[in-house]
Amino acid sequence: MDLRERAVMMGIVNVTPDSFSDGGRFPDANAAVAHGMAQWESGAEILDVGGESTRPGAAEVAAEEEMDRVLPVLAGLRQAVPDAILSIDTMKAEVAAAALAAGASIINDVTGFTHPAMIEVAARSSCGLVVMHMQGTPRTMQSAPRYDDVVAEVRAFLSARLDALVSAGIARERVVLDPGIGFGKSLEHNLALLRSLDQLSPPDRPLLLGVSRKSFIGAVLGNAELSNRHWATVALTCLARERGARILRVHDVTANAQALRMTEAILGQATRARPN
Ligand code: HH2
């Protein structure tokens, strides 16, 4: 994908009982596949399938259970929307390997490929990699996030991970970087990162951003219910695109895709028609 001139939407397909905003909404593979198809129809070019919630304090899921959740969905989407780019949102190397075999072509690892086994899986394939920053683990990350300079530290982490992956034989062009909004960050940390999006990745690597319905939006809006975080998410899609983000990970594709198209028209960058 050439993301220099345009951005793309990544639709979230959570196959979990406990995700923070859509847990339990797609209890079986058919419902999740139908949801992914609808997101594709609405303009998502990437579908990010996840079988383990990363919300603060979420219960860990065994690899077998996670595979039982995601593999039928990936196989179903592969058939139903052959042109969609499928991504697996996982922290486990064995799940990532099985997902690649089932048709995924991106590994989205919220631990930033810090586990050697995950690097090995990526190095053996030609998949894309989403390298995200997180302080701590999903279990502990929101207890007391602390930084001296959050922007400098996130930038340094992402740059060091990129170098480590390149040293492991992975081409730079395969890597996308993500500051990990809400992953071991206070409200102030999240706002500081959003203020400095253009400083977080080296100029040649695209930035992915996941802000959709996250709790820092609720905090700014005075603890808005999840269903009321939609408009601020759409606003952030415009702002983030203007400040350089190239992949926007969202739950509600239709509105965010329209906002992206409008923003790109103003920026003078035509959103390329999708291949289908
Ligand atoms: N956010 C979530 C999950 N995966 N991956 C990347 N690269 N960036 C993100 O910001 C990101 C992510 C959390 O959102 P969601 O999937 O809706 O919730 P849950 O983890 O509870 O399933």
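Overview of the structure. Each residue is numbered by its place in its chain's sequence as written, counting from 1. Whole-chain, interface and lining totals are the exception, using all residues; otherwise, since this is a predicted model, local features are given only for residues with pLDDT of at least 70 and side-chain atom pairs are given and counted only at 80 or more. By convention in this description, side-chain values take in all heavy atoms of the structure and omit both hydrogens and water.

In this text, near means that some heavy atom of the residue lies within 4 Å of the molecule or strand in question. In the vicinity of the ligand, 18 residues are found, and the nearest of them are Ser-19, Ser-53, Thr-54, Asp-178 and Lys-214. Between the ligand and Gly-210, the relevant distance is 3.3 Å, taken from an oxygen atom to a main-chain nitrogen or oxygen of the residue. One of the side-chain N or O atoms of Arg-249 is found 2.9 Å from an oxygen atom in the ligand. Method for areas: the Shrake-Rupley scheme with a 1.4 Å probe, in which residue coverage is limited to the protein chains shown. Relative to its unbound accessible surface of 480 Å², the ligand loses 98% to contact with the protein. Classifying every residue of the shell around the ligand gives 6 nonpolar, 7 polar and 5 charged. A 3.5 Å cut-off defines polar contacts: any pair of N or O atoms within that distance qualifies, except that in protein one atom must be a possible hydrogen donor and the other a possible acceptor, and neighbouring residues in sequence count only when both atoms are side-chain atoms. Under this grouping Gly is polar, as are all residues other than the nonpolar Ala, Val, Leu, Ile, Met, Phe, Trp, Tyr, Cys and Pro and the charged Asp, Glu, Lys and Arg.

We now examine the environment of Met-132. Counting from the N terminus, the helices are the DSSP runs of H or I reaching at least four residues and the strands are the DSSP runs of E reaching at least two. Here Met-132 is to be found in strand S5 (residues 128–132). Relative accessibility under 20% of the residue-type maximum defines a buried residue, over 50% an exposed one, and the middle range a partly exposed one, all with a 1.4 Å probe and only protein chains included. On the basis of relative accessibility, which here comes to 3%, the residue Met-132 falls in the buried class. Separated by 29 residues in the primary sequence, Met-132 and Arg-161 have C-alpha atoms spaced 9.3 Å apart. Residue contacts are defined here by distance: any two heavy atoms, one from each residue, within 4.5 Å place the two residues in contact. With near-sequence residues (within four places) excluded, Met-132 lies in contact with Asp-109, Val-110, Thr-111, Gly-112, Phe-157, Leu-158, Asp-178, Gly-180 and Phe-183.

In what follows, salt bridge is the name for a side-chain nitrogen of Lys or Arg lying within 4 Å of a carboxyl oxygen of Asp or Glu. Within this structure, the stated rule accounts for 12 salt bridges. One salt bridge connects Arg-69 with Glu-65, and the closest N-O pair in it is separated by 3.0 Å. Placement of the pair is Arg-69 and Glu-65 together in helix H2 (residues 63–80), with a separation of 4 residues, close to one helical turn. Given a relative accessible area of 37%, Glu-65 falls into the partly exposed group. Residue Arg-146 pairs with Asp-148 through a salt bridge whose shortest N-O separation is 3.3 Å. Considered together, Arg-146 and Asp-148 belong to a single accessibility category, that of exposed residues. Salt bridges sharing partners connect three or more residues here, namely Asp-48, Asp-89 and Arg-249.

Without a salt bridge and with relative accessible area above 30%, a residue can belong to a patch; like charges are then joined within 9 Å and nonpolar side chains (Val, Leu, Ile, Met, Phe, Trp, Tyr) within 5 Å. Taken together, the side chains of Leu-187, Val-220 and Leu-221 define a hydrophobic patch exposed on the protein surface, amounting to about 240 Å² of accessible area. Residue position: Leu-221 is located in the loop between helix H7 (215–220) and helix H8 (230–242). Overall, the relative accessible area of 44% leaves Leu-221 in the partly exposed class.

One less than the residue count of a helix, multiplied by 1.5 Å, gives the span that helix is expected to have. Between its first and last C-alpha, H8 extends 19 Å over 13 residues, near the 18 Å set by a 1.5 Å rise per residue. For H8, the complete set of buried residues consists of His-230, Thr-233, Val-234, Leu-236, Thr-237, Ala-240 and Arg-241. The buried residues of H8 occupy an angular sector of 160 degrees when the element is viewed end-on, so they sit on one face. Directly after H8, the chain includes Gly-244, whose backbone phi takes a positive value near 115 degrees. Each direction from the helix axis to a C-beta atom contributes to the arc, which is the arc of those directions.

Attention now goes to the pairing of strand S3 (residues 85–89). Of all 5 residues that make up S3, 4 are buried, and the element is covered over most of its length. Sheet topology note: the strand S2 (residues 44–50)/S3 ladder contains 5 bridges and is parallel. When the bridges of S3 are listed, Asp-48 appears paired with Ser-87. Note that S3 and strand S4 (residues 106–109) share 3 bridges and pair parallel. Directly across from Ile-88, in S4, lies its bridge partner Ile-107. By convention, orient the strands away from the viewer: a clockwise path from the first strand over the helix to the second makes the crossover right-handed. Assessed by its sense of winding, the connection that carries the chain from S3 through helix H3 (residues 93–101) to S4 is right-handed. Strand pairing follows a simple DSSP-based rule, namely that at least 2 bridges must link the two strands.

As far as function goes, none of this settles anything; it's purely spatial.
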